[in-house]
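# Notes for the structure review
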Amino acid sequence: MAELAIPGVAVGVWQDGAAEFVCAGVTRLGETVPVPVDEHTVFQIGSISKTFVAGAAMALVDQGRLDLDAPVRTYLPASFRLSSDELTERVTMRHLFTHVAGWVGDYFADTGEGDDALAVFVGKLAKAPQLTPLGSVYSYSNSALNLASYVVAAVHGTSYERALRDLVLGPLGLRSTTLSTESAITRRVAIGHRDGRPQPWRRPRAHHGAGGVLSTASDMLRFAAHYLEHGAALFAPQREAGCFSDAIGLVWRVDVVGGDEVVHHGGTTNGYEADLRLVPARGLAWVMLTNAEHHHQLDHVLVRHFLGTGQPDSAGPAFVPDSLSPYCGTYDAALYEATVDIDGAGGLRATVSVPERAVWLRGEAPPPADVTRLAFRPGIADRVVALDPPFAGNRAEFVRGPGGEVEWFRWDGRIAKRRPGAENPNSP
C-alpha cells in the first residue's frame, strides 16, 4: 500500500469453504476522524460488474428464456438498430460476452438517470463505428456489455437493476451489493483517489452493466464461492483473447498460471481498482478492492503470493523480429493513444497517453503520458510485455491485417488503429 500509495485495501480469501479477510487503511484521505476499511466497506468494483451480467444471463438460460446464440434482436423492440443491417440481424449474446462485436467499445454517453437511460444508450449504438467484422477480433468492449444488460432486462421484463436483484443478488444473498448510490451511502463507503486526491463518484445509469456494481469484500467472496461451484459454463474457454488472456469464457478471462487454470476479471473506475480471481481446481478464490488507481500492480503481487508466479505460462523460444521498424508508429483508440518507437538500447518502448478527446471521461486535464519498455514474449510472435512501472507485467500485442502488415496495437485488451503516415521519427 505504501509503495503504490493506496489509501485503503480490502482483501478477501475463500479456501475450501472458509473465508478470511485482510483489510487496512482508510475509506478517504484527509478526514479528521479516519474511517478504517473493513470487509463490509462498499467499493466500486468497475468491470467486475460484467460478470454479474453474465450470471444474470445464465440464470435466464437455465430458465429456458434466453439463447446465447440467438440474435439479440429476437428479444428486443423492433426499433433496435446497430450500424448495419447485417450486424443488427446477426449479433448474439455470445458475441457480446466474448468481446468480438467489433464496434468501438469505449463509448460512455451519459443518458441520464431515468428508467429509459439504458434504452436511449442502446439507441445511440447505431452510430458506433465498426472497427472489425463481427466475430473476428477480440477487443474489450464496455458498450457490448451494456447492450447485454439491456437484453437481460428485456427478457426479464423489468429494468436491469431489478433483473439483477431477482436473478443474482437475491438468490446469492448479496445483501450489501447494489447498483444504487442511495443505498450505498447508508453504509461505510470507500471514496476513490487519484494521486492522493478524492475523485468524483460518477456512475451513469446506462453503464451499470459494464461497470456499475457496488459491493464489499464479504459479498464478493460469497459471489466467488457460488461460481466456484456453479460457474463451469461461464468459465469454459470460448475463443482466444490475444495478449489479454489465454482465452475468454463468457465474460470471464481464463489464464494458466503456474500450472493452475485461473478465471478472473478486474475493474477500474474513477479512483478505484479491483480484482477477482478464482482457481476452481484448488477451491480457492480471492478478491481485492482498493480506493486508488495503481495500474493493477497490486493484482500482480497477490497472484505471485497465491500461485508462486506472476505471469501466465508460455512455451517456445523467444521471438526475435527481423526488424523493429514494422511495429513503430502511433496507434489510436477511444481511451488512449500509444506511440511505439525504438529506445536507446535498441528495443521497443511505448508512450501511452490519454488524448484530448477522452478528457471528458476523466473530468479533468489528461494525466501525463506513461513510458514503458516492451519485451517480446516467448512462444508467439508479435506479443510483448511491459517492463517498467506503472504498467510492469501488462501484456500487449501487435495485430496484423490481411496483408500481413501491422495494423493494430492491442493494449489493455483494446485494439488501437495504426495512424497512417505516423511512423515515429526514431524508427529506422
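Just above, that's the structure.
Residues numbered from 1 in each chain as written. Predicted model: local features only at pLDDT ≥ 70, side-chain atom pairs only at ≥ 80, totals over all residues. Heavy atoms only, no water.

### What to know about the environment of Cys328
Just so we agree on the cut-off: Put simply, DSSP marks the helices as runs of H or I at least four residues long and the strands as runs of E at least two long, and each gets a number from the N terminus on. Type-normalised accessible area, obtained with a 1.4 Å probe on protein chains alone, sets the label of each residue: buried when under 20%, exposed when over 50%, and partly exposed for intermediate values.
Counting through the fold element by element, Cys328 comes out in the loop between helix H11 (297–307) and strand E12 (329–332). Among the residues examined, Cys328 registers a relative accessible area of 0% and is labelled buried. Distance in space between the C-alpha atoms of Cys328 and Ala350 is 9.2 Å, their sequence separation being 22 residues.

### Describing the sheet that holds strand E19 (residues 414–418)
Inclusion rule: Strands were regarded as paired on the criterion that DSSP finds at least two bridges between them. Only C-alpha atoms enter the line fits that serve as axes; for helices the fit covers just the stretch in contact. Angles between N-to-C directions range over 0 to 180 degrees.
Judged by pairing direction, the barrel is antiparallel, and its eight strands sit side by side in the order E12-E13-E14-E15-E16-E17-E18-E19 before closing back on the first. The mean angle between the axes of side-by-side strands here comes to 30°, regardless of whether they run parallel or antiparallel. In this sheet, strand E13 (residues 337–342) lies alongside E12 in antiparallel orientation, the contact comprising four bridges. Bridging across to E13, Asp332 finds its partner in Glu337.

### Quick notes on the nonpolar core
Just so we agree on the cut-off: Note on terminology: a nonpolar core comprises buried Ala, Val, Leu, Ile, Met, Phe, Trp, Tyr and Cys residues joined through side-chain atoms within 4.5 Å. The contact criterion used is simple: two residues touch if any of their non-hydrogen atoms lie within 4.5 Å.
Formed by 79 residues in total, the largest nonpolar core has its most connected members in Phe52, Met93, Phe97 and Trp103. When residues of this core are assigned to their parent elements, the largest contribution, nine residues, is made by helix H5 (residues 142–156). Excluding residues within four positions of it along the chain, Met93 makes contact with Ala57, Leu66, Leu68, Ala70, Val72, Ala148, Val151 and Val152.

### Overview of the environment of Asn291
The line we're drawing: Pairing of N or O atoms within 3.5 Å defines a polar contact, subject to two protein rules: one partner must be a possible hydrogen donor and the other a possible acceptor, and residues neighboring in sequence count only if both atoms are side-chain atoms.
Note that Asn291 resides in the loop between strand E11 (284–290) and H11. Assessed through its relative accessible area of 0%, Asn291 is described here as buried. Note: C-alpha distance between Asn291 and Thr92 (199 residues apart in sequence) is 35 Å. A polar side-chain atom of Asn291 sits 3.0 Å from the main-chain carbonyl oxygen of Thr27. Only 3.4 Å separates the side chain of Asn291 from the backbone oxygen of Ile191, close enough to count as a polar contact.

### Here we look at the pattern of salt bridges
Definition in use: Between Lys or Arg on one side and Asp or Glu on the other, a salt bridge is scored when a side-chain nitrogen of the former is within 4 Å of a carboxyl oxygen of the latter.
The full count for this structure, using the stated rule, is 22 salt bridges. Across the pair Arg414 and Asp106 runs a salt bridge whose closest N-O atoms are separated by 2.5 Å. Taken together, the residues span a long stretch of sequence, with Arg414 in strand E19 and Asp106 in the loop between helix H3 (93–97) and helix H4 (117–124) at a distance of 308 residues. Across the pair, exposure class does not vary: Arg414 and Asp106 are buried alike. One salt-bridge network, in which partners are shared between bridges, spans Asp106, Asp412 and Arg414.

### Here's the deal with the packing of H4 against H5
For the record, the criterion: Should an angle lie under 35 degrees it is considered roughly parallel, over 145 roughly antiparallel, and from 65 to 115 roughly perpendicular; all remaining angles are considered oblique. Should the near helix be turned anticlockwise from the far one by less than a right angle, the crossing is left-handed, and should it be turned clockwise, the crossing is right-handed. Note that Gly is not counted as nonpolar here; it falls among the polar residues with everything else outside the nonpolar set of Ala, Val, Leu, Ile, Met, Phe, Trp, Tyr, Cys and Pro and the charged set of Asp, Glu, Lys and Arg.
Two elements in contact, H4 and H5, have axes whose closest approach is 10 Å; the angle formed by their N-to-C orientations is 130°. Comparing their axes, H5 and H4 come out oblique. The handedness of the crossing between H4 and H5 is left-handed. Only Ser143, Asn146, Leu147, Ser149 and Tyr150 of H5 make contact with H4, whose side of the interface consists of Leu118, Ala119, Phe121 and Val122. In terms of residue class, the contact of H4 with H5 is made up of six nonpolar, three polar and no charged.

### Details of unusual backbone geometry
Residue Pro390 is reached from Pro389 by a cis peptide bond, and omega for that bond is 5°. Considering the arrangement of structural elements, one finds Pro390 in the loop between strand E16 (383–386) and strand E17 (395–400). Of note, the phi angle at Val251 is positive, near 80°, even though the residue is not glycine. Given the relative accessible area of 0%, Val251 is considered buried. At Asp382, a residue that is not glycine, the phi angle is positive and equals roughly 75°.

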